[in-house]
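Chain and residue survey
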Amino acid sequence: MLLVASKVLSKDKPIVGVNTDPERSEGHLCLPVRYTRAFPEALEKLCRGEFRWLWRQRIRVHLEGTGINPTPVDLHEQQLSLEQHSQAHRITTNDVRQRAGTIHDRASKPSLLPVRSLNEIFIGESLSSRASYYEISVDDGPWEKQKSSGLSICTGTGSKAWSYNINKLEEQAVEEVLKIGKSLSCFEIPLNREFIENVTDKYNESLVFALDDRHLLYSVREPIVNRVFSNSRQRGFANKVCVRSRCWDACMVIDGGTSFEFNDGAIATISMSEEDQLRTVVLEN
């Protein structure tokens with residue numbers, strides 16, 4: 001479903017997902033699981049118009065800067081090692097330069113990437129143990145130098161996926177914070193299991209937002225804060241996020257399946273557009 005959604009650029013073309021592996025996949029973006037084994041019934045309902053439209057917002061990316069390569073590496077059909085992934089980016093970069101007849105070291109004009117993100121975009125170093133260095137500007141605000149384990153930017157659809165797991169709290173963390181709050185205040189805070197569960201659930205539920213919401217949610221993974229690097233907000237809503245790479249061997253991955261080289265000098269402008277909405281259907285059980 002994510003692969004198809006990334007390739008379909010017209011908002012007038014409806015997309016219907018069928019979960020072909022319900023034993024190993026939850027299939028949130030697909031028809032209810034019962035239709036996996038009763039697809040003719042689903043087709044009949046679709047033909048009769050017994051469904052409702054659901055519009056999902058998607059993310060678009062403009063890429064610019066020095067030495068950029070807008071050619072993607074497709075990760076869906078292959079499991080690449082780190083070296084294979086880096087080699088694939090080097091090959092596509094060389095191909096682009098050879099076709100152009102020169103090496104593009106000068107700044108390029110903004111290029112709209114040929115894919116759209118339904119869930120999220122992740123930016124970070126290919127080697128997970130290496131900190132990602134970049135600059136970020138939210139809604140045309142001041143640029144902020146950051147170092148972290150990477151940056152995730154998601155839609156309302158994606159707020160239930162990777163972004164949710166980046167930001168969610170466990171009951172253990174909530175309990176420890178409540179204990180500290182109780183010791184530092186004069187308030188009598190209950191620390192029974194039911195109260196802790198309710199607070200945890202309320203917080204985690206607040207991380208999920210509507211599928212048709214026109215806002216992006218950016219999340220900084222494990223930010224490093226010191227004299228040089230800051231982190232004014234670890235996450236927040238925005239209309240536009242700009243990221244300037246200062247990385248060595250980084251990539252920008254769209255919906256976990258399409259990877260773009262994103263090294264020092266590249267600038268990504270991440271936003272939403274009304275024309276990028278994805279037209280899906282809701283078929284009740």
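The present account deals with the structure reproduced in this document.

Calculation rules
- Residues numbered from 1 in each chain as written.
- Predicted model: local features only at pLDDT ≥ 70, side-chain atom pairs only at ≥ 80, totals over all residues.
- Heavy atoms only, no water.
- Helix = DSSP H or I, 4+ residues; strand = E, 2+ residues; numbered from the N terminus.
- Expected span 1.5 Å × (residues − 1).
- Buried < 20%, exposed > 50% of the residue type's maximum accessible area, 1.4 Å probe, protein only.
- Arc of directions from axis to C-beta.
- Contact = heavy atoms within 4.5 Å.
- Pairing = 2+ DSSP bridges.
- Patch = residues over 30% accessible without salt bridge, like charges linked within 9 Å, V, L, I, M, F, W, Y side chains within 5 Å.
- Areas by Shrake-Rupley, 256 points an atom, 1.4 Å probe, with all protein chains shown as cover.
- Salt bridge = Lys/Arg side-chain N within 4 Å of Asp/Glu carboxyl O.
- Lys, Arg positive; Asp, Glu negative; His and termini not counted.
- Charge placed at Lys NZ, Arg CZ, Asp CG, Glu CD.
- Axes fitted to C-alpha atoms, helices over the stretch in contact; angles between N-to-C directions.
- Parallel < 35°, antiparallel > 145°, perpendicular 65-115°, else oblique.
- Polar contact = N/O pair within 3.5 Å; in protein donor to acceptor, adjacent residues only side chain to side chain.

**Quick notes on helix α5 (residues 171-184)**
The end-to-end C-alpha distance of α5 is 20 Å, a good match for the 20 Å that 14 residues give at a rise of 1.5 Å each. Regarding α5, the residues found buried are Val-174, Glu-175 and Leu-178. Take α5 and look down its axis: the buried residues cluster within an arc of 100°, on one side only. Of the exposed residues in α5, the ones pointing more than 90 degrees away from its buried face are Gln-172, Val-177, Ile-180, Ser-183 and Leu-184. Among the structural elements, α6 (193-205) are those in contact with the buried residues of α5.

**Brief notes about the pairing of strand β10 (residues 216-220)**
The two faces of a sheet get side chains in turn, since along a regular strand they alternate between them. Summarising burial for β10: five of the five residues are buried, a large majority. Here β10 shows two buried faces, one formed by Leu-216, Tyr-218 and Val-220 and the other by Leu-217 and Ser-219. Here four bridges tie strand β9 (residues 151-154) to β10, and the two strands are oriented antiparallel to one another. Counted as the bridge partner of Leu-151 is Val-220 from β10. As paired elements, β10 and strand β11 (residues 235-238) share four bridges and run antiparallel to each other. Bridge assignment links Tyr-218 to a residue of β11, and that residue is Gly-236.

**Looking at a negative patch on the surface**
A contiguous patch of negative charge, built from Glu-194, Glu-197, Asp-201 and Glu-205, is present on the exposed surface. The topology assignment puts Glu-194 in helix α6. Residue classification places Glu-194 among the exposed positions, given a relative accessible area of 58%.

**Structural notes on the packing of α5 against α6**
For any two helices packed against each other, one specifies the inter-axial angle together with the distance between the axes. For the pair α5 and α6, the least separation of the axes is 9 Å and the interaxial angle reads 110°. Between α5 and α6, the angle is such that the two are roughly perpendicular. Between α5 and α6, the residues in contact are Glu-171, Val-174, Glu-175 and Leu-178 and Arg-193, Phe-195, Ile-196, Glu-197, Val-199 and Thr-200, respectively.

**Remarks on the environment of Leu-63**
Tracing the backbone shows Leu-63 in strand β3 (residues 59-66). Sequence separation of Leu-63 and Leu-112 is 49 residues, and the distance between their C-alpha atoms is 6.4 Å. The residues contacting Leu-63, other than those within four sequence positions of it, are Ile-68, Asn-69, Lys-109, Pro-110, Ser-111, Leu-113, Met-252, Phe-262, Ala-266, Ile-267 and Ala-268.

**Concerning the sheet that holds strand β2 (residues 52-56)**
On the basis of which strands lie adjacent, the open sheet formed by three strands has the order β1-β16-β2 and mixed pairing. Of all the strands in the sheet, the pair left with one neighbour each is β1 (14-15) and β2. When β1 meets strand β16 (residues 278-282), the two strands line up parallel, connected through two bridges. Following the sheet pairing, Pro-14 is matched in β16 by Arg-279.

**A short note on the side chain of Glu-261**
By secondary structure assignment, the location of Glu-261 is in strand β14 (residues 258-261). Reaching out from Glu-261, the side chain makes a polar contact with the side chain of Asn-263 at a distance of 3.3 Å.

**A few points about α6**
Compared with an ideal rise of 1.5 Å per residue, which puts 13 residues at 18 Å, α6 spans 18 Å between its outermost C-alpha atoms and is within 8% of the ideal. Among the residues of α6, those classed as buried are Ile-196, Thr-200 and Asn-204. Buried positions in α6, seen along its axis, are confined to an arc of 60° and lie on one side of it. Looking at α6, the residues exposed on the side facing more than 90 degrees away from the buried face are Glu-194, Lys-202 and Glu-205. Contact partners of the buried residues in α6: α4 (162-167) and α5.

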